[in-house]
Amino acid sequence: MHISAFGAALRTPDLRKKILFTLGLLALYRLGAVLPTPGVDYAAIQRCIDVVQDNSVYALINLFSGGALLQLSVFALGIMPYITASIILQLLTVVIPRLEMLKKDGQAGQAKITQYTRYVTIGLAILQSTAILSLARTPGALFSGCNEVIIPNQGVWIILVMIIVMTAGTAMVMWFGELITERGVGNGMSVLIFVSIIATIPSQFASIFGSRGAFTFAITLLVGLAVIAFVVFVEQAQRRIPVQYAKRMVGRRMYGGTSTYIPLKVNMAGVIPVIFASSLLFLPTLFVQLTGSQAGWAQWVQQNFGTGTGTWYLLTYFVLIVFFCYFYVSITFNPTDVADNMKKYGGFIPGIRAGKPTADYLEYVLSRLTAPGSLYLGLIAILPVFAFGFLGVANDFIFGGTSLLIMVGVGLDTVKQIQSQLQQRNYEGFLG
């Protein structure tokens with residue numbers, strides 16, 4: 001990727017306008033992430049964050065908000081309610097015929113599903129903001145081990161205003177994401193998550209450099225770059241299944257006879273299985289912390305799942321990622337639908353009969369690809385724990401598999417989009 005390509009992008013008036021528009025919205029997003037919600041004692045919050053900063057559970061909670069959630073800022077909930085709503089609607093599409101019909105109804109149906117997603121997002125934002133504020137009202141409930149009074153005035157109207165502000169913040173973040181998708185560069189929701197993750201990295205680098213020295217800092221950088229290079233390599237890997245379209249006569253014109261391919265990525269599921277697995281493993285520890293139980297099972301959960309580096313945690317994490325990888329691929333890619341569409345337009349895979357044999361072949365190839373893809377996701381998720389744990393910086397640098405996959409995936413997609421727009425304007429692109 002050449003530096004001159006960025007110059008070329010900025011010299012193109014409409015593309016420059018899109019890039020500056022995206023940067024402007026991202027600046028507003030980061031401003032809202034540090035702007036305290038009315039009624040919150042900001043100084044008390046900062047003292048509590050210092051107490052729990054080494055807790056992996058709180059690091060996971062804060063991952064997608066860029067540090068905004070624990071600060072109870074205006075954008076505290078970030079983009080997570082929208083992501084949760086999108087996943088819920090995607091899963092419901094498989095079991096509710098009405099949603100499945102809308103999904104197949106083209107752009108109009110997709111617009112309807114998007115509208116439903118917005119409604120579910122607002123509902124989840126109200127529930128989540130209420131739950132978080134109910135915890136924040138009790139000292140030591142939201143931040144384990146910190147007994148500071150976070151909300152001094154706990155009147156009903158103050159709490160109601162805080163819920164409205166945090167819900168409105170979620171709606172605005174959702175709007176920012178849609179605006180970036182429509183008028184900016186890249187997928188808006190993904191770009192917002194990307195910015196939230198990288199926002200915490202400079203402070204983590206500074207912490208490592210200050211506490212561990214320049215040598216450990218340099219080794220940490222090298223390990224991080226090596227893992228990123230491996231992720232880029234696998235994320236770009238795909239199996240291309242050739243498809244031939246038969247010639248057919250329509251009127252006096254001959255159509256078809258072209259060759260194309262179906263690109264099946266090694267990692268078809270993306271980062272979703274890692275998010276699912278992380279969320280599930282986070283629940284037992286959260287339950288123990290909220291209940292304050294000191295029973296034997298609670299101590300076992302806290303010891304094996306509380307740090308995020310225990311043997312049982314990593315083993316369960318790996319197994320869940322593999323399971324969710326197969327599950328998510330099975331609901332997002334339907335070989336039967338692909339085979340039917342190919343048959344409808346006269347397409348076929350050379351050497352494979354159209355119809356059911358094609359669907360069986362696609363399912364066979366997909367299962368063979370998902371096996372290494374799921375193992376890759378599991379390894380990337382737990383590899384940084386060993387690598388940074390060996391360097392002694394795991395507590396300072398929450399550079400886990402989820403953040404790595406999101407950063408690389410979003411970065412690649414955004415670069416491809418800019419590259420395609422440059423090529424449309426007769427530029428050579430980033431590889432030229």
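Below, the structure is looked at part by part. (Residues numbered from 1 in each chain as written. Predicted model: local features only at pLDDT ≥ 70, side-chain atom pairs only at ≥ 80, totals over all residues. Heavy atoms only, no water.)

Let us now look at helix α13 (residues 296–305). Of all the residues in α13, the buried ones are A298, V301, N304 and F305. Down the axis of α13, the sector holding all buried residues measures 145 degrees, keeping them to one side. Opposite its buried face, α13 presents the exposed residues G296 and Q303, each directed more than 90 degrees away. (Buried < 20%, exposed > 50% of the residue type's maximum accessible area, 1.4 Å probe, protein only. Helix = DSSP H or I, 4+ residues; strand = E, 2+ residues; numbered from the N terminus. Arc of directions from axis to C-beta.)

Another aspect to go through is the packing of helix α5 (residues 80–95) against helix α7 (residues 106–136). Packing of α5 against α7 brings their axes to within 8 Å, and their N-to-C directions diverge by 130 degrees. Comparing the axis directions of α5 and α7 gives the class oblique. As for how α5 packs across α7, the hand of that crossing is right-handed. Only Y116, T117, V120, T121, L124, A125 and Q128 of α7 make contact with α5, whose side of the interface consists of P81, Y82, T84, A85, S86, I88 and L89. For the contact of α5 with α7, a count of residues per class yields nine nonpolar, five polar and no charged. (Axes fitted to C-alpha atoms, helices over the stretch in contact; angles between N-to-C directions. Parallel < 35°, antiparallel > 145°, perpendicular 65-115°, else oblique. Left-handed = near helix turned anticlockwise from the far one by under 90°. Contact = heavy atoms within 4.5 Å. Nonpolar A, V, L, I, M, F, W, Y, C, P; charged D, E, K, R; others polar.)

Below, the discussion takes up the pattern of salt bridges. For the structure shown, the criterion picks out three salt bridges. Where R118 meets E178, a salt bridge forms, and the shortest distance between an N and an O atom there is 2.9 Å. With R118 in helix α7 and E178 in helix α8 (residues 156–183), this residue pair connects regions lying 60 residues apart in the sequence. A residue is classified by how much of its surface remains accessible, and R118, at 27% relative accessible area, is partly exposed. Since its relative accessible area comes to 16%, E178 is described here as buried. The residue D360 makes a salt bridge to K356 at a minimum N-O spacing of 3.0 Å. Taken together, the residues span about one helical turn, with D360 and K356 both in helix α16 (residues 356–391) at a distance of four residues. (Salt bridge = Lys/Arg side-chain N within 4 Å of Asp/Glu carboxyl O.)

With that out of the way, let us pick up the nonpolar core. Counting residues in hydrophobic clusters, the biggest one holds 69 residues, and the most contacted among them are I79, L192, Y317 and L405. In this structure, L72, L142, C146 and I159 belong to the second largest nonpolar core, which totals 22 residues. (Core = buried A, V, L, I, M, F, W, Y, C linked by side-chain atoms within 4.5 Å.)

Glancing now at the packing of aromatic side chains. A full pass over the atoms with the stated rule returns seven aromatic pairs. An angle of 65 degrees between the planes, with centres 5.9 Å apart, marks the rings of F230 and Y376 as edge-to-face. Taken as a pair, F230 in helix α11 (residues 214–236) and Y376 in helix α16 lie far apart in primary sequence, 146 residues in all. You can call Y376 buried: its relative accessible area is 5%. Site record: aromatic cluster; members linked through ring pairs are Y29, F75, W175 and F176. (Phe/Tyr/Trp six-rings, centres within 6.5 Å; stacked < 30°, edge-to-face > 60°.)

Everything listed here is a matter of coordinates, which is why it stays silent on function.
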